[in-house]
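# Coordinate inspection notes
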Amino acid sequence: MSIEQVLPSLEGLKVILPPDIPSDYGRDESGAARMPEAVVEATSAAEVSKLLGACAAAGVAVTPRGAGTGQAGGCVPVNGGVVLSLAKLNGILEVDEAARTMRVQPGALLQDVKAEAERHGLRYPPDPGEKTATIGGNAATDAGGPGALKYGTTSDYVLDAEIVLASGEIVRLKDRPEYAGVIGGEGTLGVVTELTLRLEEPAGSDAILLLPFADGESCAAAAGRIIAEGYAPAMAEYLDTALVEYSGSVTGNAVFPVELDGERVAATLMLTLEGADEDAVMEQMETLAELAEELECLDILVGDTPTMKREFMAAYEAFHSSVEGAKSSCEANVSVPAQRVWEYMEYARGVGEELGVKPMFCAHLGSGGVHAYAVSEQARSEYAPQSEAFVKALYAESVRLGGEAAGEYGVGCTKQEYVAAERRERYAALKAELDPAGILNPGKAVR
Amino acid sequence: MGKSEYRDMWVYLEVNGGKLHPVSLELCCEARRLCDESGERLIGVAAGAVPESELAQVKECGVDGLLLVSGSGYERYSTEAYTRLFTELCRKYRPSAVFVGATANGRDFAPRFAARLETGCTSDATELIYNPESRDIEFVEPAAGGKIMAVITIPELRPQVGTIRPGTFKHAPTGRREVVEVINETLPCPAEEIRTRLLDYKADERDAELDISDSETIVCVGNGVKDESLPKYRELAALLGGKLACTRPVADRELLSNKLQVGQSGVMIKPKLYLGFGVSGAVNHVTGIDAGTFIAVNTDPDAPIFNYCDYGIVADMDAVCDELIALLKRGA
Amino acid sequence: MLRILVCVKQVPDVDQLRMDPETGNLIREGVPAILNPLDANALSAALSVKEEYGGEVTLITMGPPAAESALRECLAAGADRAVLVTDRAFGNADTLATSYSIAMAAQLDGEYDLIFCGKESLDGATGQMGAQLAERFGAAQVTGTLKIEQVDEAARVIRAQREVDGGVETLEAELPCLLTIEKKNYPARIPNLKGKLRAKKAEIKTVSSADIPGLDLGRIGDPGSPTKVPRMFPPELPERGEIIDEGSIEASVAKLYSLIKGE
């Protein structure tokens, strides 16, 4: 069962062995870490097949990896074995403008996939925020992001995939629809070596609206009301003013409102409205203005120029980076039923108070994805006990409320204990069929 | 009046607190070269008191003459006094070109006196070419965010006014001329013309981290940098005894202060060692770098930065940074 | 009441400009025109003055008819009225001709106490416009304004902080005064929906060359522009440097390390 048994059969593959393995191959952005015994940089499905076949026979673990930008340790080889890097299998093979599809290899970066679609006058909507993630990693975690509310997650855009099974067999998803679970399977059910993605026509026009509220609960409730009224916002984000202020103190410009006509803003609802053209978007805004009275928002601010939209999105994306730049920080990313977001945030504030952790929130109100962040001036080691207890409490609460600790970043190795029992069972059946020897990304589980 | 009636190139000698601004010497050296080609004389122009030691430095740059103006109104900088001064001097002496360092004050008065004279003014040229046929100076400058180079000329009118960023040209004195003519002018500016009053001046608290212009080692991050990776580049800079800097897009992303922005619209640097990570190599960035050793790391083998570097590595910037940190720690 | 003028410009979104590798020309098609980003900061400063001391904020821009959208964007953010100086005769102007044209057009509506400009434009980036406009208006000027501390309309003075190399000056300047604004303390205003709707319907005054009495046609547009652009060329790339590739990142960085240490 050792790596040495496998090595002779890997001739022709690019294999990296200690001490030449770069340290990055042993970690991602979650903090989980373990170095693999070997790294294989694959450049074709045939190479992946050769590797998996050999490893299955020898019982050696294989952990597929993209850009290593994950937040849950999904690509960390917690049981050692081989890390299969797909970063160099990164071609964008074809865009069919008429059919609105793109064939792409898993190592292509999300930013390149998006840019290529735009070059053809189309768009690829899923966007978890991290543009330097690979599309393969997005498929493995079924990444969503704020736009998921209207546009769904990565799996909604996968029309077909070339999958290498643990046995080394290469299959196509469209021939085996029962293997759909591979998308979102975090590399535990098969290795995707090519994806056919569905692309969309871009919206003719869009605008980002900011609805500031004097109290957070009204803000959290407003999104549901707006969606129920038939608006289809591409994003509906809860922006906690505490987070806006903190991020603003780091970047020098809060951008989002903190105070309005002398009144303190508790939270802002950021909505993206889309339409065929400017007038169609304007019309939606005007009818929304009537609803706004009832919603009790303080104002409706409009960003509809490229500069303003860019500024909003940059400020929004700075939340995460400004938190990570703090001396000590923690984050819990979960999803809960959309109507229970406020309840979850109230719980987090309460438990945070007990533990001495002051959470700040950003939530996808439509889908129920909630990011709770906290920062501290304490040293990391001093802050860890309370912040870890805080994050654990939040994971457990998300499950209790009927949501998922996996949130939108996957389960990986850091959130396994929070996967619901029935989900485990359904997954176990597929796992037994596709990877009976359990060599694919062991130590991980999925939703 | 035809342009042949205008002769001599001028460099404004900016003096603050008895000290000559380095850009004045840089411009004297560059204009010396142009004058050698055009056969014109190079004149340094200063107003107010200038210490002899500073003038000696100017002479070393090969000026043919010094035009020293005295009179009230030059004790401190004012838009009005300097606009008036250069307008009157240009009308009287008719230089063919006036070069002004693009300091805060240089950029304040140069366009204004050019407007009063109804002549052309260019800014931020990175290269100056004398065209012997047209007898015009060609001001070459990056345009449209550095995507293209534009040649600007002032073909009909004189003087040709140009503001030039500090650090664009080298201070490489070619030596004193045998004869340096000194012209003394008295040209007071009436107090009632001055319409701004200095109430207070506060020197910036010198945040050494933010002062990259004289640093011998610069670790520069470009748009390829991930937000969360910044601390490791800071660490690398510290281990190398240097400072962290960035490109315009990174400053625009507000990841780092615009005081750390290297290039045309930022700070010009002259480090012994420059390491660029994830820097694409836009012209307006690289024209701001005059490095002893220039190292570039980028995943894109076609990135233009590799055309400016001495050594390059095509690889993930974070992986290279980590490895370099590890080696520096081990080697230390 | 303070009469405040804000000079703005519509520019191509430079970040989206690409060069045609065949011809070496810039591809302008499909590149959106935007309000010059630093002009939004100038407007923000002007609105701050209006909010504190009262006054009327007038916008002025010179450009093609489509530049109207930049004016509407500023109207939505709180400006009171707008003037669009548009005429083919104004085209191809450099900063000298532009400053003359704008000052002549602005003076049709009388004198202004305060004139605001962005620090520089995204496309031309000469940063000369403020000083040249101030000359045309015969105004005092504060370039690189960090913060406006006080406006005293009765005493006809403004007190402001100006960023200079290595420090900050506090200046008192007489009115009329032109200020170019640093971004830092005056973030762009986000318009509200009411403002947008008002701006959509607002009337914009257009001014052509024929509307300006005494305009010297020799001082506008291309004939009035002393600076010319005889040619453009793609930036020339020097020879590629030496690429270190020792087979692995470790080995390559080790080589790099020895080179650095050797220097």
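For the structure itself, look to the data block above.
Overview of the structure. (Residues numbered from 1 in each chain as written. Chains lettered and ligands numbered in written order. Predicted model: local features only at pLDDT ≥ 70, side-chain atom pairs only at ≥ 80, totals over all residues.)

### What to know about helix 3 (residues 95-106) of chain C
- Here helix 3 of chain C contains 12 residues, and its C-alpha end-to-end distance of 16 Å stays within 8% of the 16 Å for a straight helix at 1.5 Å per residue.
- Burial within helix 3 of chain C is extensive, with 12 of its 12 residues counted as buried.
- Residues of helix 3 of chain C that are buried include every one of Thr95(C), Leu96(C), Ala97(C), Thr98(C), Ser99(C), Tyr100(C), Ser101(C), Ile102(C), Ala103(C), Met104(C), Ala105(C) and Ala106(C), and no others.
- On its buried face, helix 3 of chain C is in contact with helix 4 (104-117) of chain B together with strand 1 (3-7), strand 6 (56-62), strand 7 (81-85), helix 4 (129-137) and strand 13 (205-207) of chain C. (Helix = DSSP H or I, 4+ residues; strand = E, 2+ residues; numbered from the N terminus. Expected span 1.5 Å × (residues − 1). Buried ≥ 20, exposed ≤ 12 C-beta atoms within 10 Å, placed from the backbone. Contact = placed C-beta atoms within 7 Å.)

### Brief notes about the interface of chain C and chain B
- Taken together, the 65 residues of chain C in the interface contact 60 residues of chain B.
- For the side of chain C that touches chain B, the secondary-structure elements that each account for two or more residues are helix 3, helix 4, strand 9 (140-152), strand 10 (157-164), strand 11 (167-174), strand 14 (228-233), strand 15 (242-243) and helix 6 (249-262) of chain C.
- Partitioned by chemical class, the residues of the side of chain C that touches chain B number 32 nonpolar, 15 polar and 18 charged.
- Bridge count for strand 13 (residues 196-203) of chain B against strand 11 of chain C is seven bridges, and the pairing is antiparallel. Counted as the bridge partner of Thr196(B) is Ala173(C) from strand 11 of chain C. (Nonpolar A, V, L, I, M, F, W, Y, C, P; charged D, E, K, R; others polar. Pairing = 2+ DSSP bridges.)

### As for the sheet that holds strand 6 (residues 101-104) of chain A
All names here are of chain A.
- The sheet built from five strands is open, its strands ordered 5-6-9-7-8 with antiparallel pairing. Across the chains shown, the open sheet's two edge strands, defined by having one partner strand only, are strand 5 (92-96) and strand 8 (170-172). Taken over all neighbouring pairs, the strand axes of this sheet differ in orientation by 15 degrees on average, direction set aside. (Axes fitted to C-alpha atoms, helices over the stretch in contact; angles between N-to-C directions.)

### A short note on the interface of chain A and chain B
- Opposite the 13 residues of chain A that make contact, chain B presents 10 residues.
- Broken down by element, the side of chain A that touches chain B gets its largest block of residues, four residues, from helix 9 (residues 306-324) of chain A.

### Remarks on the nonpolar core
- Of all hydrophobic cores here, the largest spans 128 residues; its most connected members are Val6(C), Ile115(C) and Phe116(C).
- Discounting residues that sit within four places of it in the chain, Ile115(C) has contacts with Leu5(C), Cys7(C), Leu133(C), Phe137(C), Ala139(C), Pro176(C) and Leu178(C).
- Grouped together as the second largest cluster of nonpolar side chains are 74 residues, Tyr246(A), Phe256(A), Phe319(A) and Phe390(A) included. (Core = buried A, V, L, I, M, F, W, Y, C linked by C-beta atoms within 7 Å.)

### Structural notes on the pairing of strand 18 (residues 311-314) of chain B
- As defined by bridge partners, strand 17 (residues 293-298) of chain B adjoins strand 18 of chain B across four bridges and the pair is classed as parallel. Residue Ala296(B) lies in a different strand from strand 18 of chain B, and its bridge partner there is Gly312(B).
- For strand 18 of chain B and strand 15 of chain C, the ladder comprises two bridges, and the chain directions are parallel. Within strand 15 of chain C, the residue paired with Gly312(B) across the bridge is Ile243(C).

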